[in-house]
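# Structural overview for review
As a plain string of letters, each chain reads:
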Amino acid sequence: SGFWVVVPAAGVGRRMGADRPKQYLPLLGRPLLSLTLRNILGWPGLAGVVVALSDRDSDFSYLSESKDPRVHRVTGGAERADSVLAALDFLAAREAPETPVLVHDAARPCVALEDIEKLLRAEPVALLAQPASDTVKLSRKDESGPSVDRTLDRGSIWLAQTPQRAPLGLLHACLRRALAQGAEVTDEASALEFCGHSPRLVPGRSDNIKVTHPPDIVLAETILRLRYA
Ligand code: CTP
Ligand code: MG
């Protein structure tokens, strides 16, 4: 019993532009992936973690969290969805289809336990998300660049975070089908939507940032320092 967590961590961190994939950049003196795993390993009810890594990855085995018997590794793929699928293939061979799975980006070290508990109390198919705070413009491409087509109703715009949750069998089947049919799969919810499901939106904290660009490192350090000070 308990839930599993899948951690896609096989990206190259192009937008970060560092000398190594961003999951190995130091945050508060520890590799980002190490902080994310340490956070996850403290979630009550956790059965195990599957981390998807690049086949060129030579750093993971040096992380102390990689020695935890609950942590398993698989080789990821070219896109985030391929990495998640590799982890689900691994899990489907050993766990029951109804096992709850939470997929959580390696690049989100700041997710708070209160939000994990909210997500675990929600419907079986759900994700953390944040209501948009900026006014949202739909654009169209002109010759000279993008311009506003129209303004969207902000009240119905949510920004998807992770974790995103679904039963193992359902998520595995939907992801496989969506990828096989060439759907645009940028998160787990989009694969579930493709198969006709409507994941529940669970309002998450705004400080569950995805470390993407260089300033996000300092921001994440500040969020973690304030929280655990
Ligand atoms: N990811 C993955 N496999 C890939 C691509 C991404 O497991 N082929 C993971 C990343 O390691 C990250 C998460 O998915 O933890 C979210 O992706 P993103 O923030 O886009 O990370 P990168 O793809 O590494 O960054 P970029 O898009 O800037 O290259
Ligand atoms: Mg990416």
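Residues numbered from 1 in each chain as written. Chains lettered and ligands numbered in written order. Predicted model: local features only at pLDDT ≥ 70, side-chain atom pairs only at ≥ 80, totals over all residues.

The protein chain is annotated in an unreviewed UniProt entry as 2-C-methyl-D-erythritol 4-phosphate cytidylyltransferase of Microbulbifer thermotolerans. The record in UniProt for the protein chain states the following under Function (unreviewed entry): "Catalyzes the formation of 4-diphosphocytidyl-2-C-methyl-D-erythritol from CTP and 2-C-methyl-D-erythritol 4-phosphate (MEP)." Per UniProt, the protein chain has the following entry under Pathway (unreviewed entry): "Isoprenoid biosynthesis; isopentenyl diphosphate biosynthesis via DXP pathway; isopentenyl diphosphate from 1-deoxy-D-xylulose 5-phosphate: step 2/6." (UniProt positions renumbered as here; feature names shortened; annotations may be inferred.)

The next point concerns the site of ligand 1. Residues in contact with ligand 1 amount to 21 residues; listed here are only the nearest, Pro8, Gly11, Arg14, Arg15 and Ser83. Of all elements in the fold, only β1 (3-9) and α2 (80-92) reach the threshold of two or more residues within the shell around ligand 1. Class assignment of the residues belonging to the shell around ligand 1 gives a composition of eight nonpolar, seven polar and six charged. (Near = placed C-beta within 6 Å. Helix = DSSP H or I, 4+ residues; strand = E, 2+ residues; numbered from the N terminus. Nonpolar A, V, L, I, M, F, W, Y, C, P; charged D, E, K, R; others polar.)

Turning next to the environment of Glu221. Following the sequence through the fold, Glu221 ends up in helix α6 (residues 215-228). Its 18 C-beta neighbours within 10 Å are what place Glu221 among the partly exposed residues. Sequence separation between Glu221 and Leu179 is 42 residues, and the spatial gap between their C-alpha atoms is 35 Å. Once you skip the residues sitting within four places of it in the chain, Glu221 turns out to touch Leu27 and Leu28. (Buried ≥ 20, exposed ≤ 12 C-beta atoms within 10 Å, placed from the backbone. Contact = placed C-beta atoms within 7 Å.)

The next subject is helix α1 (residues 32-40). Of all nine residues that make up α1, seven are buried, and the element is covered over most of its length. For α1, the secondary structure elements touched by its buried residues are β1, β2 (26-27), β3 (30-31), β4 (46-53) and β5 (71-75).

Formed by 54 residues in total, the largest nonpolar core has its most connected members in Val6, Ala52, Val84, Leu88, Val101 and Leu175. It is α2 that contributes the most residues to this core, seven residues altogether. (Core = buried A, V, L, I, M, F, W, Y, C linked by C-beta atoms within 7 Å.)

In this section: the sheet that holds β5. Pairing is mixed across the open sheet formed by seven strands, whose spatial order is β5-β4-β1-β6-β10-β7-β11. Looking at which strands have only one partner, the edges of the open sheet turn out to be β5 and β11 (200-203). Taken over all neighbouring pairs, the strand axes of this sheet differ in orientation by 25 degrees on average, direction set aside. With seven bridges connecting them, β1 and β4 associate as parallel partners. If you follow Ala9 over to β4, its bridge partner there is Leu53. (Pairing = 2+ DSSP bridges. Axes fitted to C-alpha atoms, helices over the stretch in contact; angles between N-to-C directions.)

Right, let's get into the UniProt feature "site: Positions MEP for the nucleophilic attack" (unreviewed entry) in the protein chain. According to UniProt, the "site: Positions MEP for the nucleophilic attack" (unreviewed entry) feature falls on Arg154 and Lys210. Note that Arg154 resides in the loop between β9 (145-151) and β10 (158-167). Dropping the residues within four chain positions of it, Arg154 is found in contact with Ala132, Thr135 and Val136. In this fold, Lys210 is placed in the loop between β11 and α6. Residue class for Lys210 comes out partly exposed when judged on the 17 C-beta atoms lying within 10 Å of it. Setting aside residues up to four positions removed in sequence, Lys210 forms contacts with Asp105, Ala107 and Arg108.

Another point: the UniProt feature "site: Transition state stabilizer" (unreviewed entry) in the protein chain. UniProt's feature table lists "site: Transition state stabilizer" (unreviewed entry) at Arg15 and Lys22, given in the numbering used throughout. Exposure remark for Arg15: the 13 C-beta atoms within 10 Å place this residue in the partly exposed category. Position of Lys22 among the secondary structure elements: in the loop between β1 and β2. Beyond its immediate chain neighbours, meaning those up to four positions away, Lys22 contacts Gly13, Met16, Leu32, Ala107 and Val211.

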